[in-house]
There are 2 protein chains.
Amino acid sequence: LGIGDDCAVIRLPRGHEALVTTDFSLEDVHFRRSWHPADSIGHRCLARGLSDIAAMGGIPQAAFLSLALPPELPQRWITQFLRGLLRLADRYEVLLAGGDTAQSQTGILADIVVLGSVPTRKAVLRSGARHGDLIYVSGTLGSSVAALNQLRKGQKLSTRSHAKHFYPEPRIEVGRYLRQRNLASAMIDISDGLSTDLGHICEESKTGAIVYAHSLPAAGGADGLALALHGGEEYELLFTARPERRVPKEIAGVPISLIGEIAGGRQMKLAKADGKTAVLKPGGWQHFS
Amino acid sequence: LGIGDDCAVIRLPRGHEALVTTDFSLEDVHFRRSWHPADSIGHRCLARGLSDIAAMGGIPQAAFLSLALPPELPQRWITQFLRGLLRLADRYEVLLAGGDTAQSQTGILADIVVLGSVPTRKAVLRSGARHGDLIYVSGTLGSSVAALNQLRKGQKLSTRSHAKHFYPEPRIEVGRYLRQRNLASAMIDISDGLSTDLGHICEESKTGAIVYAHSLPAAGGADGLALALHGGEEYELLFTARPERRVPKEIAGVPISLIGEIAGGRQMKLAKADGKTAVLKPGGWQHFS
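About the cut-offs
Residues numbered from 1 in each chain as written. Chains lettered and ligands numbered in written order. Predicted model: local features only at pLDDT ≥ 70, side-chain atom pairs only at ≥ 80, totals over all residues. Heavy atoms only, no water. Helix = DSSP H or I, 4+ residues; strand = E, 2+ residues; numbered from the N terminus. Rg over C-alpha atoms; globule rule 2.2 N^0.38 Å. Buried < 20%, exposed > 50% of the residue type's maximum accessible area, 1.4 Å probe, protein only. Contact = heavy atoms within 4.5 Å. Areas by Shrake-Rupley, 256 points an atom, 1.4 Å probe, with all protein chains shown as cover. Lys, Arg positive; Asp, Glu negative; His and termini not counted. Charge placed at Lys NZ, Arg CZ, Asp CG, Glu CD. Pairing = 2+ DSSP bridges. Salt bridge = Lys/Arg side-chain N within 4 Å of Asp/Glu carboxyl O. Axes fitted to C-alpha atoms, helices over the stretch in contact; angles between N-to-C directions. Least-squares fit on C-alpha atoms with pLDDT ≥ 70 in both. Polar contact = N/O pair within 3.5 Å; in protein donor to acceptor, adjacent residues only side chain to side chain.

Student: Please explain the overall build of chain A as it appears in this structure.
Tutor: Along its length, chain A carries 7 helices and 13 strands. Computed over the C-alpha atoms, the radius of gyration of chain A is 19 Å, within 12% of the 19 Å expected from 2.2 N^0.38 for a compact globule of 289 residues. Seen through its principal axes, chain A has C-alpha atoms that stretch 60 × 50 × 30 Å. Evaluated residue by residue, chain A yields a buried proportion of 59% over its 289 residues. Counting only contacts in chain A whose residues sit at least 6 apart along the sequence, the fraction spanning at least 24 positions is 85%. Split by element, the accessible area of chain A, about 11,800 Å² in all, is 49% carbon and sulfur. Averaging the positions of the 33 positive and the 29 negative side-chain charges in chain A gives two centres separated by 5 Å.

Student: Just checking my understanding: could you explain the pairing of strand β12 (residues 268-271) of chain B for this structure?
Tutor: The two faces of a sheet get side chains in turn, since along a regular strand they alternate between them. Residue and element names in this part refer to chain B. As defined by bridge partners, strand β8 (residues 208-212) adjoins β12 across 4 bridges and the pair is classed as parallel. Within β12, the residue paired with I210 across the bridge is K269. Examined bridge by bridge, β12 and strand β13 (residues 277-279) share 3 bridges and lie antiparallel to one another. Paired with K269 across the two strands is V279, which belongs to β13. Linking β12 to β13, which pair antiparallel, is a turn of 5 residues; within it G275 sits at a positive phi near 90 degrees.

Student: Honestly, the interface of chain A and chain B in this entry has me stumped. Any pointers?
Tutor: Many descriptions give the size of an interface as the accessible area lost when the pieces come together. Contacts between chain A and chain B engage 49 residues on the former and 49 residues on the latter. Counting across the chain A and chain B interface gives 6 salt bridges. For R126 of chain B, the salt bridge goes to D6 of chain A, with nearest N and O atoms at 3.4 Å. Looking at the side of chain A that touches chain B, the elements with two or more residues in it are β1 (8-10), β2 (16-26), α1 (38-54), β3 (59-69), β4 (95-103), β5 (109-119) and β7 (186-189) of chain A.

Student: Help me out: how do you make sense of the sheet that holds β2 of chain A in this one?
Tutor: Whether parallel or antiparallel, the strands of a sheet pair through hydrogen bonds between backbone atoms. Taken in spatial order, the 5 strands of this open sheet run β4(A)-β3(A)-β5(A)-β2(A)-β1(B), and their pairing is mixed. Here the strands that pair on one side only, and so sit at the sheet edges, are β4 of chain A together with β1 (8-10) of chain B. In this sheet, neighbouring strand axes are inclined to one another by 20 degrees on average, regardless of whether the strands run parallel or antiparallel. Sheet topology places β3 of chain A next to β4 of chain A; 8 bridges connect them, and they run parallel. Directly across from F64 of chain A, in β4 of chain A, lies its bridge partner G98 of chain A. Along the sheet face, α1 of chain A touches β2, β3 and β5 of chain A and points at about 145 degrees away from the line of β2 of chain A. Of the strands in this sheet, β3, β4 and β5 of chain A touch helix α2 (residues 75-91) of chain A, which is tilted by about 165 degrees from β3 of chain A.

Student: Mind showing me how you'd approach the relation of the copies chain A and chain B here?
Tutor: Two copies of one chain are present, and they are related through a rotation about an axis combined with an axial shift. Structural alignment of chain A on chain B gives an RMSD of 0.0 Å, achieved by rotating through 180 degrees and translating 0.0 Å along the axis. Both chain copies can therefore be described as sitting about a two-fold axis. Minimal C-alpha separation from the rotation axis in chain A is found for T106 of chain A, amounting to 3.4 Å. Comparing interface residues between copies, 100% of those in chain A also sit at the interface in chain B, which points to an isologous, same-surface contact.

Student: Sorry, what's going on with unusual backbone geometry here?
Tutor: What you tend to see is this: most non-glycine residues have negative phi, and most peptide bonds are trans. Not every positive phi belongs to a glycine, and K206 of chain A is a case in point at roughly 55 degrees. Note on placement: K206 of chain A falls in the loop between α6 (194-205) and β8 (208-212). The exposed category is assigned to K206 of chain A, whose relative accessible area is 61%. With a phi angle near 70 degrees, R121 of chain B is a residue other than glycine that sits in the positive phi range. With respect to the helices and strands, the residue R121 of chain B is situated in the loop between β5 (109-119) and β6 (134-138). Using a relative accessible area of 65% as the deciding quantity, one classes R121 of chain B as exposed.

Student: Before we go on, may I ask you to explain the side chain of S40 of chain A in this structure?
Tutor: Residues and elements named next belong to chain A. Structurally, S40 can be placed in helix α1. A residue is classified by how much of its surface remains accessible, and S40, at 0% relative accessible area, is buried. Only 3.0 Å separates the side chain of S40 from the backbone oxygen of F166, close enough to count as a polar contact. Not counting chain neighbours up to four residues away, the residues in contact with S40 comprise F166 and Y167.

Spelled out as structure tokens, the structure:
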């Protein structure tokens, strides 16, 4: 309803409140035309927004895409971009309900807005963690940035065997499961790296944290631990739960790992296998600008 | 709630549905730094979105601003831009609830999203006009483009005496009044010019229209009629009402003019004072690209 009108009109489920998230996807900051196929760029553009909805335990309802495009961009690129975006939208029954287009004098600039909903007062915030809560993460960590490092070195990658980087899956079902069962006390998605995003939970919850290095679901490789701690664009969910709550080992087919605990104070620490601990600082994920 | 979280959480009034509109404001397309003070650009950026909400009879709730800015842009410009935007937001009790920022390699690019609400099934669409309905417009027409024409000629303008161009007022109260009383059968805001926007109502409603040239609230001047017919960025409301409905001459302090009637067929015509009629074609407002 209302597509082609002054506004899109979206009916939210009864008793729900609105969730809104907005994210830029910029050429040479979030993607490169020489590294990423257009359909991957479209997918990743929407995935960023859907992942934010997932991190609140929300249900995505509609997306709005604003695109500024260079005049020389081939129509085929745009078609493929939209194909990637719409394929992901279809999978989560998200309506592409509007947007705007303009010419860009330099690179491609996409701004994606996702409207979602969540039962009133049930959104899972970053601020709900308490001393003693356990820290969990979905999926594995580090393979998105590992693929990016290979791209940086000029390697050609198969998009299929590096799907975590090219077609990341927003964890909508995991977030919704946790919210429906009141399992998560705080939640965030890992877009800027575990160390940075856990820092956001600690900051908003006014707590510290201890991360068990040996428990991290690192994708592997020589620098697997560093990639798992600081790699961005993972789009996994990082959440906390009260210690008495039983969190399944797998939710909606996605493995869930216990990786640490919320502590007093305001510091984040990394507990290593040898029993020593080190201060864990936010890694400051910078995409590849 | 939820500012600084993964999403903004916005509670809509009970029994309302969501309205979403998204609009680019691009340097050298929608504004020029040498013509428009930064606070006017911020005001106009938000006014575009609020006007879309007004045109549905909606109530604006929250705005989201994504800004891509050139690195050399002075902080003072950004401060003034936000001041203009926030002053307008305050006036309509709209929360600036989120957004994103990025660097732009060329000009300033702003993408504004406004989330509004309207009682379920009460949004005033473009498609509700019927043969015999009367056509009305709020305020006066043509002074925004008249100011633009003076700027094009290199004239310096007082922003105060050309407020219609520099600080256009979205007609939120007028739109809401019309919706609450079920007065408007179709409505649109005049962003692309009366001839183009009336064309949208005719297209969506599958009707024609006759506009009375002598009844247009033209701002005046030698080419007052042409400016009133085709000038864009007026942000007045253009609406239709069944002929038996009594539409006030003034709503919320804004004059309302009867300017024509919805006709059969699919053509728009202009009825002149001498009794002759001419075909009215959409003027194709192009900002100033």
